[in-house]
Amino acid sequence: MRRLKMPQVPWDVLSSLTVMVVQYSLLYMIFAVPLTLSYRTTKVINFVHSNFVTYGAYAAILLNGLYGNRNMLLAAALAFTVSGGIAVLNNVAVFRPLDKKGAKPVALMISSMGLWIFYKYLLYTIIDLATYFSRINFVSYPKIVYEWIPSLSLGSVKLSSSFIATSLSAAAMIAGLYALLEKTNLGRAMRAVSDNPTLSEISGIPRHMVVNLTWLIAGGIAGVGGVLWTSYAGSITPEAGDSMILQIFTVGFIGGLSSLTRTCIGAVLVASIENYGITLLNQFFGVETSYKPFLTFITLITTLVVSPPLGAGGGLPYKLFRRAGRSA
Amino acid sequence: MPNILEVRDLAKYFGGVRALDGVTISVPEKSIVGLIGPNGSGKTTLFNVVTGFYEPTRGEVLLRDDDGSVERIDGLNPNEVFLKGVVRTFQVPRLFTSLTVLENVLVTPPVQIGERVLDAPFKSRWEKQERELARKAVGLLKRFGMGDYVYSRVTELSVAHIKLLETIRGLMTSATLYLLDEPAAGVDYGVARELFNYIRGLREEGLTFFIVEHRLDVLMDYVDYVYVLHNGKLLSEGKPSEVVNDPKVIEAYIGG
Amino acid sequence: MPEFDLLGFLIQWLTIFGLYSILAITLNLEAGFAGLTNFGKVVFYGIGAYVGATLTTYLTLHLNNVDPFEYPPYSIDGIVKLIELGGKSPPLSIGLLALSLIIAFIAAGSVGFLLTYPILRVGPAFVGFTLLSFGELMRVFLRHYEPVGGSKGLAAIPRPFSWVGDPKLSGFLFLLLVLGLVAFTYITMDRLTNSPIGRVFRAVRDDEIAALCLGKHVPRIKALTLFIGSGFSGMAGALMAYYFTSVNPDMFVPAVTFNVWAMVILGGMGNFTGSIIGVALFTLVDRLLAFITPTLGVTAISPDYIRWMFVGLLIVIVLLFMPKGLLAERPLKTPAADEARKLLAEGVGSAQHT
Ligand SMILES: Nc1ncnc2c1ncn2[C@@H]1O[C@H](COP(=O)(O)OP(=O)(O)O)[C@@H](O)[C@H]1O
Ligand SMILES: [Mg+2]
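Residues numbered from 1 in each chain as written. Chains lettered and ligands numbered in written order. Predicted model: local features only at pLDDT ≥ 70, side-chain atom pairs only at ≥ 80, totals over all residues. Heavy atoms only, no water.

Attention now moves to the packing of aromatic side chains. The description of an aromatic ring pair uses the distance of the two centres, along with the angle that the planes make with each other. Summed over the entire model, instances satisfying the criterion amount to 46 aromatic pairs over all chains. Counting every residue linked through ring pairs, the aromatic cluster contains A:Phe47, A:Trp116, A:Phe249, A:Phe253, C:Phe39, C:Phe126, C:Phe129, C:Phe258 and C:Trp261. Positioned over the ring face of A:Tyr132 is A:Arg135, at 5.8 Å from the centre of the ring. Above the ring of B:Phe90, the side-chain terminus of B:Arg94 is found at 5.5 Å from the ring centroid. (Phe/Tyr/Trp six-rings, centres within 6.5 Å; stacked < 30°, edge-to-face > 60°. Lys NZ or Arg CZ within 6 Å of the ring centre and 35° of its normal.)

Before going further, it helps to examine the coordination of the magnesium ion (ligand 2). All names here are of chain B. Distances from the magnesium ion (ligand 2) to its protein donors, namely Thr-44 (OG1) and Gln-91 (OE1), fall within the range 2.0 to 2.1 Å. Residue Thr-44 is located in helix H1 (residues 43-50), and its partner Gln-91 is located in the loop between strand E6 (86-88) and helix H3 (101-107); the two are separated by 47 residues in the primary sequence. Overall, Thr-44 belongs to the partly exposed group, its relative accessible area being 25%. Assessed through its relative accessible area of 31%, Gln-91 is described here as partly exposed. (Donors = N, O, S within 2.8 Å, 3.2 Å for Na, K, Ca; no water. Helix = DSSP H or I, 4+ residues; strand = E, 2+ residues; numbered from the N terminus. Buried < 20%, exposed > 50% of the residue type's maximum accessible area, 1.4 Å probe, protein only.)

As a further point, take the site of ligand 1. All names here are of chain B. Neighbouring ligand 1 are the residues Phe-14, Val-17, Ala-19, Pro-38, Asn-39, Gly-40, Ser-41, Gly-42, Lys-43, Thr-44, Thr-45 and Tyr-54. Ser-41 places a polar main-chain atom, nitrogen or oxygen, 3.2 Å from an oxygen atom of ligand 1. The side chain of Thr-45 places a nitrogen or oxygen atom 2.5 Å from an oxygen atom of ligand 1. Protein burial of ligand 1: of its 560 Å² of free accessible surface, 63% is covered by the chains. Elements with a minimum of two residues in the shell around ligand 1: strand E2 (17-28) and H1. Per-element tally for the shell around ligand 1: the top contributor is H1, with three residues. Class assignment for the residues of the shell around ligand 1 results in five nonpolar, six polar and one charged. (Near = heavy atom within 4 Å. Polar contact = N/O pair within 3.5 Å; in protein donor to acceptor, adjacent residues only side chain to side chain. Areas by Shrake-Rupley, 256 points an atom, 1.4 Å probe, with all protein chains shown as cover. Nonpolar A, V, L, I, M, F, W, Y, C, P; charged D, E, K, R; others polar.)

Residue and element names in this part refer to chain B. Taken in spatial order, the six strands of this open sheet run E6-E7-E8-E3-E9-E10, and their pairing is mixed. With one partner strand each, in any of the chains shown, E6 and strand E10 (233-238) form the two edges of the open sheet. Looking at each pair of strands side by side, their axes are set apart by 15 degrees on average, direction ignored. As paired strands, strand E9 (residues 225-230) and E10 are joined by five bridges and run antiparallel to one another. Among the inter-strand pairings, Leu-229 is bridged to a residue of E10, identified as Leu-234. Across the sheet, H1 touches strand E3 (32-36), E6, strand E7 (177-181), strand E8 (208-212) and E9, and the angle it forms with E7 is around 145 degrees. (Pairing = 2+ DSSP bridges. Axes fitted to C-alpha atoms, helices over the stretch in contact; angles between N-to-C directions. Contact = heavy atoms within 4.5 Å.)

A few words now on a nonpolar patch on the surface. Residue and element names in this part refer to chain C. There is a patch of nonpolar side chains on the surface, built from Phe-4, Leu-6, Leu-10, Leu-288, Phe-291, Ile-292 and Leu-296 and spanning about 640 Å² of accessible area. For the nonpolar patch, the secondary-structure elements that each account for two or more residues are helix H1 (6-33) and helix H11 (272-296). The element that contributes the greatest number of residues to the nonpolar patch is H11, accounting for four residues. As for its placement among the helices and strands, Phe-291 is situated in helix H11. (Patch = residues over 30% accessible without salt bridge, like charges linked within 9 Å, V, L, I, M, F, W, Y side chains within 5 Å. Salt bridge = Lys/Arg side-chain N within 4 Å of Asp/Glu carboxyl O.)

A few words on the side chain of C:Thr334. Residue position: C:Thr334 is located in the loop between helix H12 (303-321) and helix H13 (335-346). The class for C:Thr334 is buried, based on a relative accessible area of 13%. Reaching out from C:Thr334, the side chain makes a polar contact with the side chain of B:Glu130 at a distance of 2.8 Å. Contacts of C:Thr334, omitting those with residues within four sequence positions, involve B:Trp126, B:Glu130, C:Asn194, C:Ser195 and C:Arg199.

Turning to the interface of chain C and chain B, a few remarks are in order. Where interface size is given, it is often the accessible area lost as the parts come together that is meant. Each partner contributes to the interface: chain C provides 43 residues, whereas chain B provides 42 residues. Interface area for chain C against chain B, summed over the two sides, is near 3800 Å², with a carbon-plus-sulfur share of 65%. Ranking the residues of chain C by area buried against chain B places C:Arg199, C:Cys213 and C:Leu214 at the top, with a combined share of 18%. Taken together, chain C and chain B are joined by six salt bridges. The partner of B:Glu130 in a salt bridge is C:Arg199, and the shortest N-O contact between them spans 2.7 Å. Scanning the region where chain C abuts chain B turns up 18 residue pairs in polar contact (both at pLDDT 80 or more). Sorting the residues of the side of chain C that touches chain B by element identifies helix H6 (167-193), helix H7 (196-206), helix H8 (208-213), helix H9 (218-244) and H13 of chain C as the ones contributing at least two each. (Buried area = accessible area lost by both parts, 1.4 Å probe.)

Residues and elements named next belong to chain B. Summarising the sheet, E3 and E9 pair through four bridges and their orientation is parallel. Across the sheet, the residue bridging to Gly-34 is Val-226, located in E9. As consecutive antiparallel partners, E9 and E10 are separated by two residues, and within that stretch Asn-231 has a phi angle of approximately 50 degrees, a positive value.

Attention shifts here to the nonpolar core. With 257 residues, the main nonpolar core has A:Phe47 and B:Phe209 as its most contacted residues. Top element by residues in this core is helix H4 (residues 105-134) of chain A. It accounts for 14 residues. With residues near it in sequence (within four places) discarded, A:Phe47 still touches A:Met109, A:Ser112, A:Met113, A:Trp116, A:Ile245, A:Phe249, C:Phe39, C:Phe129 and C:Leu132. B:Phe47, B:Ile73, B:Leu76 and B:Leu177 belong to the second largest nonpolar core, which has 26 residues in total. (Core = buried A, V, L, I, M, F, W, Y, C linked by side-chain atoms within 4.5 Å.)

Residue and element names in this part refer to chain C. Tallying each qualifying case throughout the model produces four cavities of 30 Å³ or more. Roughly 110 Å³ of internal volume is contained in the largest cavity. As for the largest cavity, its lining consists of 13 residues, of which Phe-33, Asp-190, Asn-194, Gly-270 and Arg-330 are closest to the centre. Elements with a minimum of two residues in the lining of the largest cavity: H6 and H11. Ranked by residues supplied to the lining of the largest cavity, first place goes to H6 with three residues. Considered class by class, the residues forming the lining of the largest cavity number four nonpolar, five polar and four charged. (1 Å grid on protein atoms, 1.4 Å probe; cavity = no way out; pocket = protein on both sides within 12 Å on 5 of 7 lines; lining within 4 Å. Points joined across faces, edges and corners; volume = space filled by probe spheres on them.)

Taken over all residues, the pLDDT of chain C has a mean of 90, while the share at 70 or more is 97%. The ipTM assigned to the predicted complex is 0.92, against a pTM of 0.92. (pLDDT = per-residue confidence, 0-100.)

Here the focus is the packing of helix H4 (residues 90-119) of chain C against helix H5 (residues 124-144) of chain C. Residues and elements named next belong to chain C. Contact geometry of H4 with H5 gives a least axis separation of 10 Å together with a crossing angle of 130 degrees. Taken as axis vectors, H4 and H5 run oblique relative to one another. The two elements H4 and H5 cross, and the hand of that crossing is right-handed. Contacts from Val-111, Leu-115 and Ile-119 in H4 reach Phe-126, Val-127, Thr-130, Leu-131 and Phe-134 in H5. (Parallel < 35°, antiparallel > 145°, perpendicular 65-115°, else oblique. Left-handed = near helix turned anticlockwise from the far one by under 90°.)

Turning our attention to the interface of chain A and chain C. Each partner contributes to the interface: chain A provides 55 residues, whereas chain C provides 46 residues. Buried surface at the junction of chain A and chain C, summed over both partners, amounts to about 4700 Å²; 80% is from carbon and sulfur atoms. Area buried by chain A at its contact with chain C is led by A:Tyr121, A:Leu316 and A:Tyr318, which between them contribute 14% of it. Our count for the chain A to chain C interface comes out at zero salt bridges. Counting the contacts that link chain A with chain C gives three residue pairs in polar contact (both at pLDDT 80 or more). Listed by contribution, the elements that provide at least two residues to the side of chain A that touches chain C are helix H3 (72-100), H4, helix H10 (245-254) and helix H12 (292-306) of chain A. Of the residues forming the side of chain A that touches chain C, the biggest block, 18 residues, is contributed by H4(A). For the side of chain A that touches chain C, the class distribution of residues is 43 nonpolar, seven polar and five charged.

The next thing to look at is the sheet that holds strand E1 (residues 3-14) of chain B. The pairing of strands in a sheet happens through backbone hydrogen bonds and is either parallel or antiparallel. Residues and elements named next belong to chain B. Here four strands make up an open sheet; going across it, the order is E2-E1-E4-E5 and the pairing antiparallel. Edge positions in the open sheet fall to E2 and strand E5 (70-72), since each of these has one partner strand only. Pairwise comparison of adjacent strand axes, ignoring direction, gives a mean angle of 20 degrees for this sheet. One ladder, built from three bridges, connects strand E4 (residues 58-64) with E5; its direction is antiparallel. When the bridges of E5 are listed, Arg-64 appears paired with Val-70.

With that settled, the discussion passes to the packing of helix H10 (residues 254-267) of chain C against H12(C). Residue and element names in this part refer to chain C. Taken N-terminus to C-terminus, the directions of H10 and H12 make an angle of 40 degrees; their axes are 10 Å apart at the nearest point. Viewed along their axes, H10 and H12 adopt a mutual orientation that is oblique. Along this stretch, H10 crosses H12, giving a crossing that reads as left-handed. For the pair formed by H10 and H12, the contact residues are Ala-255, Phe-258, Asn-259, Ala-262, Ile-265 and Leu-266 on the first element and Arg-307, Trp-308, Val-311, Leu-314, Ile-315, Val-318 and Leu-319 on the second. Along the lines of polarity and charge, the residues of the contact of H10 with H12 split into 11 nonpolar, one polar and one charged.

Structure representation (structure tokens):
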């Protein structure tokens, strides 16, 4: 057997890479779990989801740039309100009326695409105005350093304050959603609506309220994810959410847009594949790191072929791979 | 008569739900076989597995060709099963809602020249066939009293006509085996009888029918043989007169 | 007020109108008729543009005995050579045009065909999303691939009619070519959709599962639709490269796709004439904006952003209040209805409808 020459991977590189993978895993969870949550209750494929993240980030940025806020909790509260509010508004003004008129799910998805474009350029306009009046460059804003949040170092491993905040948020989200979905009547109602909308209506659950609340929570969490992003990314632009839409949706698809647990696993998977993968390819084959999205795309394609989320958004009972060689 | 369709020890589980659990059924050529059972007993699932909609968890489905060779068809895709001469209708009708009644019926015929992309832009190549198919379609529609609805959108039809159209659409092929899922549900008694008379006529011409039906008053007068499913298992089988008097069957129906 | 050049304006507007018409008509075939939510329209347009640009620049150099590897078309030297050589020989220009169109069709069509593989079994959402993100990947790739100029792209693409001399006349000839291709696209799509295969398209869109169970090879139909739609879009892309004489990755952003979607939705899904009206309205407004914007001077709010907000809102508003668009889908036109009418007329006792 041929001996492979193992290049030395320095321990500190590996450990900081791993910290990064963990941080991305947690961020993707916070971005994608609300996507799955909103889809399974509302059955809308929602492209505005990427706006939720960006608007959350810009809620924090404007608060920081215009008022000097460095309190992350305040930023998160505003982001939750803004993104959650947008989500509820979309439902009340667009999705529900379309649904009432008997529009097909495809029409709802296309309308969400229209909203996506609208919100994206609305934000650009807001940023232009803010920049015009304050003379601060909001189009590319540096990372925000929030106060009160400690950073840690365990030996050679350094955990930034952003890492600490992200971990705490992810833990809070998972615990909160678990408590909500498993322990409260509202959560049970949310699950009932996602399992069987018509039946739940008959059994007296106020479906519209449940749907609106789901949107609020989903939009809100994604918005908080945007705030976390402002503490981590090198610089933040109005494309922040859009630039991660491939990752967010891939993670959601791995979760079949139905299972929150599998969505979390998807987050770890995508974060690992793209970060470890591109580092390896870069080290050994000199592949540029900007090709990182290709790895994510391959993950997406593999998911669609091998384990397509058939229940979600239609699906064809057509087998691409068949058990071969049969006769009687 | 040899069996055109044989289902051997067929099982289909959905997670913990055993929709089918070891079912063995044979459908002889040129016969009308009934499949009955309470709601949720697995009848539709059986059709879904036979037509390639689902892969079975266990067991096999065997189909006999025209030339007498027998072939396993479980695991084939639905379109391939159709092209082997097995047509199914849906319990919950799946019509093409933006098409007219006539066009719905015209979708079915399998080998259409105008469905080949290189021929489609040239009307002269397929016009003759299209007109022939249209004549056949109108003939069928008129026969079942739907002559007045040829140009209607299917969204304007009554429930009974929708049900009927499902079946008529299936009859537009030269298939040899028809799986009909509750063809008479919601159809009025007279038309239901007309439908079954027609089916009996087609049987005389050599076609085979395997029919799920809740309207036992109609079904039992036409079938040669009946299978009874209950909770995914065969409860009883036999001639119609034997089955209706089987105490197990009576209990299953009364017990729900 | 600068002098208004009406003829120039018309040629400009109609050329852009023509290019977008091809995209809109084919998107309507895919999404309006066959139910394929192609959110990656720009991919195929982009492939066509890059194929046209690459073939034309490299071959112009090569066939004029300039080594394209010594003077690559993306370098300054290459561009100088291209400007020098372009439009010298009519047969070469026309030959390259024809070759570009054919290869653009095949390349874009094949990518469309292959891309249907992973999305065969999944619903429209995944189709849309996969195609959308493929477009973004394509841009990442183009930005880093030097032979096609990296992020700067390719420039000085020789135009097919520049040998005519008079720029107005060559622009007009090019316009005729574009409109010719629009007519060809329209007629092909109109015939395809009013035939038995058009019936199958609509059946697949209405209920792909029922179509599959009635023996239609739904995956093949989807792949075919995307092949045709993408092939024609590729040709439009090649023409676009000639028209602007340059291509770069940032020309092929998702916004282009959404523009086309807005046109199709406004015009009416399932109606090609509607698409053309949608394109005409959109491109006209855009051309006018291009005239007005400079006169506004520096503004706090970019008119471009306002335009995009309007595009997004328009999609939503049309879906909400005018879901059929300006022109509704027309019923299928095949001889079957006519044959049936004859039969029903002679039939005894059977009343007739419509
Ligand atoms: N796709 C599915 N997923 C989960 N359970 C299913 C599915 N299809 C059918 N079932 C279950 O299988 C059982 C049999 O259903 P079905 O075959 O439709 O019964 P029938 O047609 O006899 O009324 C039911 O309990 C039903 O809930
Ligand atoms: Mg049933």
